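Here is what each chain is made of, one letter per residue.
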Amino acid sequence: MKIALGSDHAGFRLKEDIKEFLQSEGYDFEDFGAFSEDSMDYPDIARSAAEAVAEGKFDRGVLICGTGLGVSITANKVRGIRAALCSDEYTARMSRQHNNANILALGGRVIGVELAREIVRVFLTTGFDAGSRHAKRVAKIER
Ligand code: RB5
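Residues numbered from 1 in each chain as written. Predicted model: local features only at pLDDT ≥ 70, side-chain atom pairs only at ≥ 80, totals over all residues. Heavy atoms only, no water.

Taken together, the side chains of R133, K136, R137, K140 and R143 make up a positively charged region of the molecular surface. Tracing the chain through its elements places K140 in helix α6 (residues 133-142). (Patch = residues over 30% accessible without salt bridge, like charges linked within 9 Å, V, L, I, M, F, W, Y side chains within 5 Å. Areas by Shrake-Rupley, 256 points an atom, 1.4 Å probe, with all protein chains shown as cover. Salt bridge = Lys/Arg side-chain N within 4 Å of Asp/Glu carboxyl O. Lys, Arg positive; Asp, Glu negative; His and termini not counted. Charge placed at Lys NZ, Arg CZ, Asp CG, Glu CD. Helix = DSSP H or I, 4+ residues; strand = E, 2+ residues; numbered from the N terminus.)

This is the structure in structure tokens:
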């Protein structure tokens, strides 16, 4: 599984922690930035990472800003992206099982590192309930 990872300055620290986690779990990923805590605009990185996921270059994305709102709003403007802002494991699980979310958005100023790691773990290891009532709903989103 190939993952597109990105953040703005407010999500930078958590992104670095998640990067370490992905490395330790053996995931293949690309870091789209930010590469420091210097102020930058989250739509720039959220858009390029989301487009790369939508184009099929990556299987999933993990995007982080201060609240997770800016990156999720941006990513959801890209056709084919279903970005889910999650602050708990249950929502992360449902975002995969019911919504087939392909991008996870996190708030670096909202949740701690350990919780974020568990949310990422759940997001990357939970499958979509394909063939269920949820498939037709996700198809409607796409239409
Ligand atoms: C940056 O200050 C902050 O606005 C940004 O990281 C994000 O939370 C926006 O939604």
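Below, the discussion takes up the nonpolar core. With 22 residues, the main nonpolar core has I18, L22, V62, L104, L106, I119 and V120 as its most contacted residues. Those elements giving two or more residues to this core turn out to be β1 (2-7), α1 (12-24), β3 (60-65), β5 (103-107) and α5 (113-125). If one sorts the elements of this core by residue count, α5 sits on top with six residues. Those residues in contact with I18 that sit more than four places away from it in its chain are L5, I64, A116, R117 and V120. The next biggest cluster of nonpolar side chains, apart from the first, holds 19 residues, and it includes A46, A50, L63 and V71. (Core = buried A, V, L, I, M, F, W, Y, C linked by side-chain atoms within 4.5 Å. Buried < 20%, exposed > 50% of the residue type's maximum accessible area, 1.4 Å probe, protein only. Contact = heavy atoms within 4.5 Å.)

Right, let's talk about the pattern of salt bridges for a bit. This structure, assessed with the given rule, holds eleven salt bridges. Its salt-bridge partner being K19, residue D31 comes within 2.9 Å of it at the nearest N-O pair. In this pair, D31 is assigned in strand β2 (residues 28-31) and K19 in helix α1, connecting sequence segments twelve residues apart. We classify K19 as buried; its relative accessible area is 18%. Here the salt bridges do not stand alone but share partners, grouping K15, E16, K19 and D31 into one network.

Let's shift gears to the packing of aromatic side chains. Under the definition given, this model contains one aromatic pair. Arranged with centres 5.6 Å apart and planes meeting at 70°, the rings of F32 and F58 form a pair that is edge-to-face. Residue F32 is located in the loop between β2 and α2 (42-54), and its partner F58 is located in the loop between α2 and β3; the two are separated by 26 residues in the primary sequence. Residue class for F32 comes out buried when judged on its relative accessible area of 18%. On the basis of relative accessible area, F58 is assigned to the buried category, the value being 6%. Across the ring face of F123, the terminal group of R60 is positioned such that the distance to the ring centre comes to 5.7 Å. (Phe/Tyr/Trp six-rings, centres within 6.5 Å; stacked < 30°, edge-to-face > 60°. Lys NZ or Arg CZ within 6 Å of the ring centre and 35° of its normal.)

The next subject is the site of the ligand. Around the ligand sit D8, H9, A10, Y42, C65, G66, T67, G70 and R109, and that is every residue in its neighbourhood. Take G66: an N or O atom from its main chain is 2.8 Å from an oxygen atom of the ligand. With respect to the ligand, the backbone of T67 contributes an N or O atom lying 2.9 Å from an oxygen atom. Taking 290 Å² as the accessible area of the ligand by itself, protein coverage stands at 72%. Looking at the shell around the ligand, its residues break down into three nonpolar, four polar and two charged. (Near = heavy atom within 4 Å. Polar contact = N/O pair within 3.5 Å; in protein donor to acceptor, adjacent residues only side chain to side chain. Nonpolar A, V, L, I, M, F, W, Y, C, P; charged D, E, K, R; others polar.)

Honestly, it's all geometry; don't read function into it.
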